[in-house]
Structures are given as C-alpha cells and as structure tokens.
Amino acid sequence: KHELARMAKHLAPSALAHLMITTELAYGAWTAAGKLGTLRHHLAVSRVLAAIKADGEVIEAAMLAGLREAEVGVAAQDLTAILGEEAAAAIDEIGGGVSTVWRLSARLERAAEGADGGAGAGVAEEGGELGASRAEQLERQCQIMLAGCDDPRSIAIALASRLVSMRELYGAMVGQQLGVNE
C-alpha cells in the first residue's frame, strides 16, 4: 500500500486518498475470498500503471478488476457507497472493458492460429485480403481491439496484467533453474 502511494505521487492528493480507499477495499475483498495470489497480481498491475503515471481511475480499476466476476461479496451498490457514484461508474466501465479486451484478444489469437474452426476466416475478411503481410494483419487486429473496447484505458490494464504475468513466469523459471522452487 505504501509503495503504491509512493509510486502514485503524480496524482492529486484527493485522488491519492481515493486510491488508498480503493486499495483497502480490494485488500479486504480479495483477502476475505482467500485469493491472496489474485490480490498480489492486482497490486502488481496497479504498481505498473502507477509507474507509467496512469490516472487514478485506471489504477483503481486495475485493483478492482474481476471483483464482480469473482463473486467475492462486493456488490455494485457497495462500490458506489464506498467510492462515490462517479468513480464507481468510471471504474466499472474501465474494468468491464478489460474483460472485453481479454475476450477479443483470445478470439484474435485463435483466429491467427486458425484453431477455432473458421473464425480465422471471419477476422481475415474483416481485415481485408488474405495475403496481407504479418505487420498488416497485426495492425488490423489492433484496430479491431480498439474498436471493440469502449475505453482504451482498458487495454493499458490488460497489457500491464500481461507484463506482470510474464514477470511472474520469468521469476518462476529462473527460480526453477536455480533450484529455489523445488
């Protein structure tokens, strides 16, 4: 919590205070649900976003992403009562966009691999001619992602989450090579 506050010094004092309330809310919800690994992941994602000086709503949305889907006992009215109507709505919109980004990402990955029984053709048709270069295909996939996302800040959260996951995998791999995780 203190490290996050130190990294988020770019926020206005009121936004920083709001972020600390959100941190306590996330800590309580994820801890009560027994999901400490999830809590650690969300805190790490929030730290990445704070390091790139993302706005407070994005950092808060990263911390609370998946709370409703995880059914940890935090209802929409609880978020609104604790965080305020405007902040809760913004966080909900950004957080909902993260789920959309993950679904689109998975679909585009399957389409690129041709593994989902024809959806690859649909994406290729959306993107144009089938003989396009790999760079053009990636550009089209990025455009599809952005078009399917209501708030582009959701993509920043999804990318930060992937970065944290890659760091965790790398740490586990290095630990295994050194015999630390055995």
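Heads up: these notes are all about the structure in this document. (Residues numbered from 1 in each chain as written. Predicted model: local features only at pLDDT ≥ 70, side-chain atom pairs only at ≥ 80, totals over all residues. Heavy atoms only, no water.)

## Describing the overall build of the protein
This is how it is decided: Secondary structure elements follow DSSP: runs of H or I no shorter than four residues count as helices, runs of E no shorter than two count as strands, and numbering proceeds from the N terminus. Only protein chains enter the accessibility calculation, which uses a 1.4 Å probe; a residue is then buried when its area is under 20% of its type maximum, exposed when over 50%, and partly exposed in between. In what follows, a contact means two residues having at least one pair of non-hydrogen atoms within 4.5 Å. Here, Shrake-Rupley sampling with a 1.4 Å probe gives the accessible areas, and only protein chains in the shown set may cover a residue.
Secondary structure assignment for the protein yields 10 helices and 0 strands. Across the 182 residues that make up the protein, the buried fraction comes to 38%. Sequence separation of at least 24 residues holds for 63% of the intrachain contacts in the protein that already meet a minimum separation of 6. Put simply, the protein shows about 10,400 Å² of open surface, and 57% of that area lies on carbon and sulfur atoms.

## Considerations on helix α10 (residues 153–178)
Cut-off, in case you're wondering: Here, expected helix span is obtained from the residue count minus one, scaled by 1.5 Å.
Along its 26 residues, α10 runs 38 Å from first to last C-alpha, staying within 8% of the 38 Å computed at 1.5 Å per residue. The set of residues buried in α10 consists of S154, I155, I157, A158, A160, S161, V164 and G175.

## Structural notes on helix α3 (residues 36–51)
With 16 residues, α3 ought to run about 22 Å at 1.5 Å a step, and its terminal C-alpha atoms sit 22 Å apart, in line with that. All of the buried residues along α3 are L39, H41, H42, L43, A44, V45, S46, V48, L49 and A50. As for α3, its buried residues are in contact with α1 (2–7), α2 (13–32), α4 (56–64) and α10.

## Remarks on the packing of α2 against helix α6 (residues 76–83)
Our working definition: For helices, the fitted axis covers only the stretch in contact; all axes are lines through C-alpha atoms, and the angles between them, taken along N-to-C directions, range from 0 to 180 degrees. Crossing handedness follows the turn of the near helix against the far one: under a right angle anticlockwise gives a left-handed crossing, and clockwise gives a right-handed one. Note on residue categories: nonpolar means Ala, Val, Leu, Ile, Met, Phe, Trp, Tyr, Cys or Pro, charged means Asp, Glu, Lys or Arg, and polar means any other residue, Gly included.
Between α2 and α6, the least distance of the axes is 11 Å, while the angle of their chain directions is 145 degrees. Judged by the twist between their axes, the crossing of α2 over α6 is right-handed. For the pair α2 and α6, contact is made by H18, I21, T22 and L25 and by L79, I82 and L83, respectively. Looking at side-chain class alone, the contact of α2 with α6 contains 5 nonpolar, 2 polar and no charged residues.

## Overview of the nonpolar core
We apply this condition: The set of buried Ala, Val, Leu, Ile, Met, Phe, Trp, Tyr and Cys residues whose side-chain atoms join them within 4.5 Å is what this entry labels a nonpolar core.
Membership of the largest hydrophobic core comes to 36 residues, with the highest contact counts inside it found for L19, L49, I59, L64 and I157. Elements that contribute at least two residues to this core include exactly α1, α2, α3, α4, α6, α7 (85–113) and α10. No other element matches the 7 residues that α3 contributes to this core. Here L49 is in contact with A54, V58, I59, A62, A156, I157 and A160, once residues within four sequence places are set aside.

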